[in-house]
Amino acid sequence: TWRRVSRRLGAVARGRLSARLPKVAVAIDSSGSMVNTETIELMAQAISAVCAVADTVEAVVGDTEVRASGTLTAANCATVLPTLMQGGGGTTLQPLLDHLAASGKYDAVILLTDGYCDGLDAPQPTAALIVPGGVDAPGLRKNVHLKAAT
């Protein structure tokens, strides 16, 4: 216990737990149905909320392949996200999750999508944030539907 002096170490100062911010990655669907002003603003708000507890967020953007990547913070999210969003064609989001799995270990991976995509095999803890009008992302256990501000 903390009250008893260690038999091995004696009266050495006790250790202290340090607070560590989680390492978070965001995979952003940039298919044609996702690239509109309202959706981008809603996604920027969601990512800003994540940045508030995660310091920085590694982001990858794409549809059938990774089209852009970068680091987002609460301060730059609203300006950087629109520049990363490039409307594309299909919606096979597995390459985004594979890219994140290859680039490092994250405490959480968040997928921002409308849910209209091929089945997903998430190698890390992954949740989907679904924009208004979307459906649950196939293959993910946790789907959270965002609501537009009224």
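Right above here is the structure, for reference.
Residues numbered from 1 in each chain as written. Predicted model: local features only at pLDDT ≥ 70, side-chain atom pairs only at ≥ 80, totals over all residues. Heavy atoms only, no water.

Participant: A description of the overall build of the protein chain should follow, citing residues and the corresponding values.
Facilitator: Within the protein chain one finds three helices and six strands. Moving toward the C terminus, one meets the helices and strands of the protein chain in the order β-α-β-β-α-α-β-β-β. Within the protein chain, the fraction of its 150 residues that count as buried is 39%. Counting only carbon and sulfur atoms, one obtains 53% of the accessible surface of the protein chain, whose full area is about 8700 Å². (Helix = DSSP H or I, 4+ residues; strand = E, 2+ residues; numbered from the N terminus. Buried < 20%, exposed > 50% of the residue type's maximum accessible area, 1.4 Å probe, protein only. Areas by Shrake-Rupley, 256 points an atom, 1.4 Å probe, with all protein chains shown as cover.)

Participant: Outline the packing of helix H1 (residues 37-54) against helix H2 (residues 77-84), supporting the account with residue identities and numerical values.
Facilitator: Two elements in contact, H1 and H2, have axes separated by 9 Å at closest approach and are oriented at 130 degrees. Taken together, H1 and H2 sit at an angle that is classed as oblique. Crossing geometry of H1 relative to H2 is assigned as right-handed. Contact residues: H1 offers Ile40, Met43, Ala44, Ile47 and Ser48, while H2 offers Cys77, Ala78, Leu81 and Pro82. (Axes fitted to C-alpha atoms, helices over the stretch in contact; angles between N-to-C directions. Parallel < 35°, antiparallel > 145°, perpendicular 65-115°, else oblique. Left-handed = near helix turned anticlockwise from the far one by under 90°. Contact = heavy atoms within 4.5 Å.)

Participant: Explain H2 to me, and be specific about the residues and the numbers.
Facilitator: Residues Cys77, Leu81 and Leu84 constitute the buried set of H2. Buried residues along H2 cover an arc of 65 degrees about the axis, so they all sit on one side. Seen from the open side of H2, the exposed residues pointing more than 90 degrees away from its buried face are Ala78, Thr79 and Thr83. (Arc of directions from axis to C-beta.)

Participant: So, the sheet that holds strand S4 (residues 108-113): which residues are in play, and what are the values?
Facilitator: Overall, mixed pairing links the six strands, which are arranged S3-S2-S1-S4-S5-S6 in an open sheet. Across the chains shown, the open sheet's two edge strands, defined by having one partner strand only, are strand S3 (66-72) and strand S6 (142-145). Each strand axis lies, on average, 20 degrees off the axis of its neighbour in the sheet, ignoring direction. Sheet topology places strand S2 (residues 57-62) next to S3; six bridges connect them, and they run antiparallel. Opposite Val61, over in S3, you have Ala68 as the bridge partner. Seen against the sheet, H2 touches strand S1 (24-29), S2 and S3 and runs at an angle of roughly 170 degrees to S3. (Pairing = 2+ DSSP bridges.)

Participant: Describe in detail H1, supporting the description with residues and values.
Facilitator: The terminal C-alpha atoms of H1 lie 25 Å apart, and with 18 residues this matches the ideal 26 Å at 1.5 Å per residue to within 8%. Taken as a whole, H1 has its buried residues at Thr39, Ile40, Leu42, Met43, Ala44, Ala46, Ile47, Val50, Cys51 and Ala54. Of the surrounding secondary structure, the elements contacted by the buried residues of H1 are S1, S2, S3, H2, S4 and strand S5 (126-130). Positive backbone phi, at 65 degrees, marks Asp55, one or two positions downstream of H1. (Expected span 1.5 Å × (residues − 1).)

Participant: Hey, could you go over the pattern of salt bridges for me, with residue numbers and the actual values?
Facilitator: One pass over the structure, following the stated rule, counts two salt bridges. Across the pair Arg67 and Asp63 runs a salt bridge whose closest N-O atoms are separated by 3.0 Å. In this structure, the salt-bridge partner of Glu65 is Arg67, at a minimum N-O distance of 3.6 Å. Owing to a relative accessible area of 34%, Arg67 belongs among the partly exposed residues under this scheme. Here the residues in one salt-bridge network are Asp63, Glu65 and Arg67, joined through shared partners. (Salt bridge = Lys/Arg side-chain N within 4 Å of Asp/Glu carboxyl O.)

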